[in-house]
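Listed below are the residues making up each chain.
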Amino acid sequence: MPVVSRDRLVDSVLAALPAFDPATVRDIRGTLTRTVDEAGASALETLNERLASVGSDWSHYPKDPLASLIHELLAGRVLGPGSKLLGHGHLRSVAGKAVVIFANHLSYADANLLEVLIRQSGNAALADRLTVVAGPKVYSSLRRRFSSLCFATVKTPQNSRLSTEDAVMTPREVARAARRSIDAARDRLRQGAALLVFGEGTRSRTGRMQRMLPGAVRYFEQSRTSVLPIGIAGTEALFPIDCERLRQSDIVVRVGRPFDADTLLRKAGGDRRLAMDCVGLALASLVPDAYRGTYGGNGEGLDRARRLLANLYD
């Protein structure tokens, strides 16, 4: 991969931002240029090395300090004035604990948006330990690789029903890769990370929730882990599908009450589908009706899951 110079990096970041007026663009360019210069040549060299290697294996990738700094500097430029995170207390309740965060998936910007709003809500320690389980498409371009380095990630193959990215892999190879990524994710949990998983397995192209993948249970099938549901609304407008740049938008994130993973699995009798439907229903309760999709009605055998979720929250 060609070396990314300071100017190329700045140009690439600006090309991904909303179409601001010329004065704002000049201001942002100046801020970015100073930031990269102050970080020093070694920081840019390290970022180049990371951009060349991130996503090359089914493994854990730490965040890059320079990418993370740029991400934090620009967050306020992209979020609309009505953006907010509700449910701060639930974030504080998992401080320092092993936690798997589940969120609905609307956009490639979802993880970046969550990291920013969690940090801005006064929960920087949780934002600092965020590790995102990310599919192959997250690493498929220079811009996406840069975004992935704004926090830690674990690369995972997508469910074969949902992805064409891994078409060259045999089912056995996909299973082996999935095993490696799950092991890496569990290792991160043991080391104190907060794991972020998009349980639908892929972005919704309609904004409506899709059914949770039963296999996502494997991320919390270890003892003493909390499950924290977070509902997102608005990122489909922030970074629309098939759009190459962000649009300034109001985002609302609502954090739900966490529940104990061991208790969920025990009461689900080991039924992965039932357990993940409980997670899906918990997420659906945190988003507007129009986003609920599969989890907005009584179909798909959801009655059992609804009763189980109510029992978890008793």
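These figures come from a predicted structure and were not determined experimentally.

Cut-offs used in this document
Residues numbered from 1 in each chain as written. Predicted model: local features only at pLDDT ≥ 70, side-chain atom pairs only at ≥ 80, totals over all residues. Heavy atoms only, no water. Helix = DSSP H or I, 4+ residues; strand = E, 2+ residues; numbered from the N terminus. Buried < 20%, exposed > 50% of the residue type's maximum accessible area, 1.4 Å probe, protein only. Contact = heavy atoms within 4.5 Å. Lys, Arg positive; Asp, Glu negative; His and termini not counted. Charge placed at Lys NZ, Arg CZ, Asp CG, Glu CD. Salt bridge = Lys/Arg side-chain N within 4 Å of Asp/Glu carboxyl O. Polar contact = N/O pair within 3.5 Å; in protein donor to acceptor, adjacent residues only side chain to side chain. Axes fitted to C-alpha atoms, helices over the stretch in contact; angles between N-to-C directions. Parallel < 35°, antiparallel > 145°, perpendicular 65-115°, else oblique. Left-handed = near helix turned anticlockwise from the far one by under 90°. Nonpolar A, V, L, I, M, F, W, Y, C, P; charged D, E, K, R; others polar. Expected span 1.5 Å × (residues − 1). Arc of directions from axis to C-beta.

Peer 1: Run through the overall build of the chain, naming residues and quoting values.
Peer 2: Broken down by element type, the chain carries 13 helices and nine strands. Expressed as lengths along the three principal axes of its C-alpha atoms, the size of the chain is roughly 55 × 45 × 35 Å. Within the span of the chain, comprising 314 residues, buried residues form 54% of the whole. By sequence separation, contacts in the chain at least 24 residues apart represent 76% of the contacts at least 6 residues apart. Charge-centre separation for the chain: the mean point of 44 positive side chains lies 4 Å from the mean point of 33 negative side chains.

Peer 1: Outline the pattern of salt bridges, supporting the account with residue identities and numerical values.
Peer 2: Should the charged atoms of two oppositely charged side chains come close, the side chains can pair. Applying the stated criterion across every chain, the model contains 16 salt bridges. The partner of Asp11 in a salt bridge is Arg29, and the shortest N-O contact between them spans 2.8 Å. Residue Asp11 is located in helix H1 (residues 6-16), and its partner Arg29 is located in helix H2 (residues 22-39); the two are separated by 18 residues in the primary sequence. Judged by its relative accessible area of 38%, Asp11 is partly exposed. Taking the shortest distance from any N to any O, the salt bridge between Asp57 and Arg180 comes out at 2.6 Å. Of this pair, Asp57 sits in the loop between helix H3 (41-53) and strand E1 (60-61) while Arg180 is found in helix H9 (residues 171-190), placing the two residues 123 residues apart along the sequence.

Peer 1: Let's hear about the environment of Thr153: which residues, and what values?
Peer 2: For Thr153, the location among the structural elements is in strand E5 (residues 152-155). The spacing of Thr153 and Leu17 is 136 residues in sequence and 22 Å in space, taken between C-alpha atoms. Residue contacts for Thr153: discarding those within four places in its chain leaves Ser59, His60, Tyr61, Thr131, Val132, Ala134, Tyr139 and Ser148. A polar side-chain atom of Thr153 sits 2.8 Å from a polar atom in the side chain of Tyr139.

Peer 1: Quick one: what's the story with the packing of H2 against helix H4 (residues 65-78), residue by residue and with numbers?
Peer 2: At a minimum axis distance of 11 Å, the contact between H2 and H4 shows a crossing angle of 155 degrees. What the angle tells us is that H2 and H4 run roughly antiparallel. With respect to the hand of their crossing, H2 and H4 are arranged in right-handed fashion. Here Thr24, Asp27, Ile28, Thr31, Leu32, Thr35, Val36 and Ala39 of H2 lie close against H4, whose contacting residues are Leu66, Leu69, Ile70, Leu73, Leu74 and Arg77. Class assignment for the residues of the contact of H2 with H4 results in nine nonpolar, three polar and two charged.

Peer 1: So, H2: which residues are in play, and what are the values?
Peer 2: The end-to-end C-alpha distance of H2 is 26 Å, a good match for the 26 Å that 18 residues give at a rise of 1.5 Å each. Taken as a whole, H2 has its buried residues at Thr24, Ile28, Leu32, Thr33, Thr35 and Val36. Each buried residue of H2 sits inside an arc of 165 degrees when the element is viewed along its axis, so together they form one side. Within H2, the exposed residues directed more than 90 degrees away from the buried face are Pro22, Arg26 and Glu38. Where H2 is buried, its residues contact H1, H3 and H4. With a side-chain oxygen lying 3.1 Å from the backbone nitrogen of Ala23, the N-terminal cap of H2 falls on Asp21. Residue Gly40 follows H2 closely and has a positive phi angle near 95 degrees.

Peer 1: Lay out the side chain of Arg186 in plain terms, naming residues and giving numbers.
Peer 2: One can find Arg186 in helix H9. Within polar-contact distance, the side chain of Arg186 engages the backbone oxygen of Arg218 at 2.8 Å. When neighbours within four sequence positions are excluded, Arg186 is seen to be in contact with Arg179, Arg218, Glu221 and Gln222.

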